[in-house]
Amino acid sequence: MIKIHIKEPEGEKSIPLPYFAIKSFLLKANEVTGNREDTKKFANEIVKALRSFGKKNPGFVLVDIHDKEGTEVKITL
Amino acid sequence: MTIGQKLADMRRRAGLTQDYVSEHLGVTPQAVSKWENDVSCPDITLLPEIAKIYHTTVDDLLNGEATKEVAVIDETVRKDPSEMVLHIHVEDHGDKVKINLPLALVVLMSENDSMGSFNIGNIDLKKIDFKSILSMVHSGVIGKLVEIESADGGTVIIEVE
């Protein structure tokens with residue numbers, strides 16, 4: 001499970017995201033630019049690598065964004 | 001910086017968890033946590049092994065600041081690439097983006113040419129020459145591989161740990 005934490009001046013929210021959803025995002029994001037079969041294979045491999053790393057390193061911060069308007073986004077495994 | 005903070009910083013830079021360190025050194029995870037919170041100190045006999053897995057020296061553990069500079073690690077003490085992490089830090093006009101990519105993902109990205117782009121924030125990861133970075137890592141190079149400061153104040157840092 002990947003977790004997305006969003007902190008804005010108006011409040012905070014946390015979105016848990018199953019790994020299969022990440023696969024769907026990768027497929028959707030690249031359906032125009034990439035070859036469908038290659039993209040599918042790539043998405044599967046990315047998810048497999050993320051899942052394996054997340055199992056060994058729970059809480060690992062994958063992405064940490066702070067913008068100048070005060071919004072913070074953190075994606076953790 | 002206290003010794004505990006330094007130990008925590010060096011452990012994170014080495015991409016290791018407290019559980020891994022405790023198992024490797026044969027101590028409890030609570031002991032590692034106590035060291036990092038300055039509640040207790042590691043036994044002196046453990047220092048050489050701690051220095052080895054943190055890719056540093058006993059002297060740096062005790063005296064020096066945590067180093068961010070580039071280093072070439074001997075093959076015998078290199079970490080498994082699957083446990084390594086590539087850090088990309090971008091600062092641009094008040095926006096800060098930090099991306100920590102397990103090296104296993106970097107390998108996949110370097111091998112995949114079918115993707116048009118792979119954006120996180122305003123960074124297109126496909127524009128980074130991962131093949132060159134991996135080649136350096138396979139030669140044992142770790143630390144700060146890229147540091148760019150642009151004329152308009154933006155910075156990009158790419159680091160491997």
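Here, the structure is the one placed above.
Caption draft 1: Spatial organisation of the overall build of chain A. Broken down by element type, chain A carries two helices and four strands. Each of the 77 residues in chain A was classed as buried or not, and the buried ones make up 17%.

Caption draft 2: Representation of the overall build of chain B within the structure. Along chain B, the regular secondary structure elements total seven helices and seven strands. Listed by position from the N terminus, the elements making up chain B come as α-α-α-α-α-β-β-β-α-β-β-α-β-β. In chain B, which comprises 161 residues, the share counted as buried stands at 22%. Counting contacts in chain B only where the partners sit at least 6 residues apart, residues at least 24 apart contribute 52% of the total.

Caption draft 3: How the structure looks around the packing of helix 6 (residues 103-111) of chain B against helix 7 (residues 130-138) of chain B. Residues and elements named next belong to chain B. Axis separation between helix 6 and helix 7 bottoms out at 9 Å; the angle between their running directions is 135 degrees. When the interaxial angle is binned, helix 6 and helix 7 end up oblique. Pair helix 6 / helix 7 crosses with left-handed handedness. Where helix 6 approaches helix 7, its residues Leu103, Val106, Val107, Met109 and Ser110 are matched on the opposing element by Phe130, Lys131, Ile133, Leu134 and Val137. Classifying every residue of the contact of helix 6 with helix 7 gives eight nonpolar, one polar and one charged.

Caption draft 4: The pairing of strand 2 (residues 11-17) of chain A, seen in detail. Residues and elements named next belong to chain A. The element strand 2 is largely exposed, with a buried count of zero among its seven residues. Relative to strand 2, strand 1 (residues 2-8) runs antiparallel, the two being bridged by seven bridges. Its bridge partner lying in strand 2, Lys7 is registered against Glu12. Following strand 1, the chain reverses through two residues before pairing antiparallel with strand 2.

Caption draft 5: How the structure looks around the pairing of strand 4 (residues 72-76) of chain A. Residues and elements named next belong to chain A. Pairing of strand 1 with strand 4 involves five bridges; the strand directions are antiparallel. Each bridged residue has a counterpart across the sheet, and for Lys3 the counterpart in strand 4 is Thr76. Of the strand pairs in this sheet, strand 3 (residues 61-66) and strand 4 are connected by five bridges, and their pairing is antiparallel. Residue pairing for strand 4: Ile65 is matched across the bridge by Val73.

Caption draft 6: Spatial organisation of the environment of Arg78 of chain B. All names here are of chain B. By the secondary structure assignment, Arg78 is in the loop between strand 1 (71-72) and strand 2 (85-92). Between the C-alpha atom of Arg78 and that of Lys52, which follows or precedes it by 26 residues, the distance is 9.2 Å. Every residue in contact with Arg78, bar those within four places of it in the chain, is listed here: Ile73 and Gly140.

Caption draft 7: Main features of the sheet that holds strand 1 of chain A. Taken in spatial order, the nine strands make up an open sheet running 2(A)-1(A)-4(A)-3(A)-3(B)-2(B)-7(B)-6(B)-1(B), and their pairing is antiparallel. Taken across any chain shown, the strands that pair with only one partner, and hence form the sheet edges, are strand 2 of chain A together with strand 1 of chain B.

Caption draft 8: Structural detail: the environment of His138 of chain B. All names here are of chain B. With respect to the helices and strands, His138 occurs in helix 7. His138 sits in the exposed class, given 10 other C-beta atoms within 10 Å. The spacing of His138 and Glu75 is 63 residues in sequence and 9.5 Å in space, taken between C-alpha atoms.

Caption draft 9: Structural view of the environment of Val85 of chain B. Residues and elements named next belong to chain B. Among the secondary structure elements, Val85 is positioned in strand 2. When the 23 C-beta atoms within 10 Å are taken as the criterion, Val85 is described as buried. Val85 sits 17 residues away from Pro102 along the chain, and the two C-alpha atoms are 4.4 Å apart. Once you skip the residues sitting within four places of it in the chain, Val85 turns out to touch Gly15, Asn100, Leu101, Pro102, Leu103 and Glu161.

What counts and what doesn't
Residues numbered from 1 in each chain as written. Chains lettered and ligands numbered in written order. Predicted model: local features only at pLDDT ≥ 70, side-chain atom pairs only at ≥ 80, totals over all residues. Helix = DSSP H or I, 4+ residues; strand = E, 2+ residues; numbered from the N terminus. Buried ≥ 20, exposed ≤ 12 C-beta atoms within 10 Å, placed from the backbone. Contact = placed C-beta atoms within 7 Å. Axes fitted to C-alpha atoms, helices over the stretch in contact; angles between N-to-C directions. Parallel < 35°, antiparallel > 145°, perpendicular 65-115°, else oblique. Left-handed = near helix turned anticlockwise from the far one by under 90°. Nonpolar A, V, L, I, M, F, W, Y, C, P; charged D, E, K, R; others polar. Pairing = 2+ DSSP bridges.

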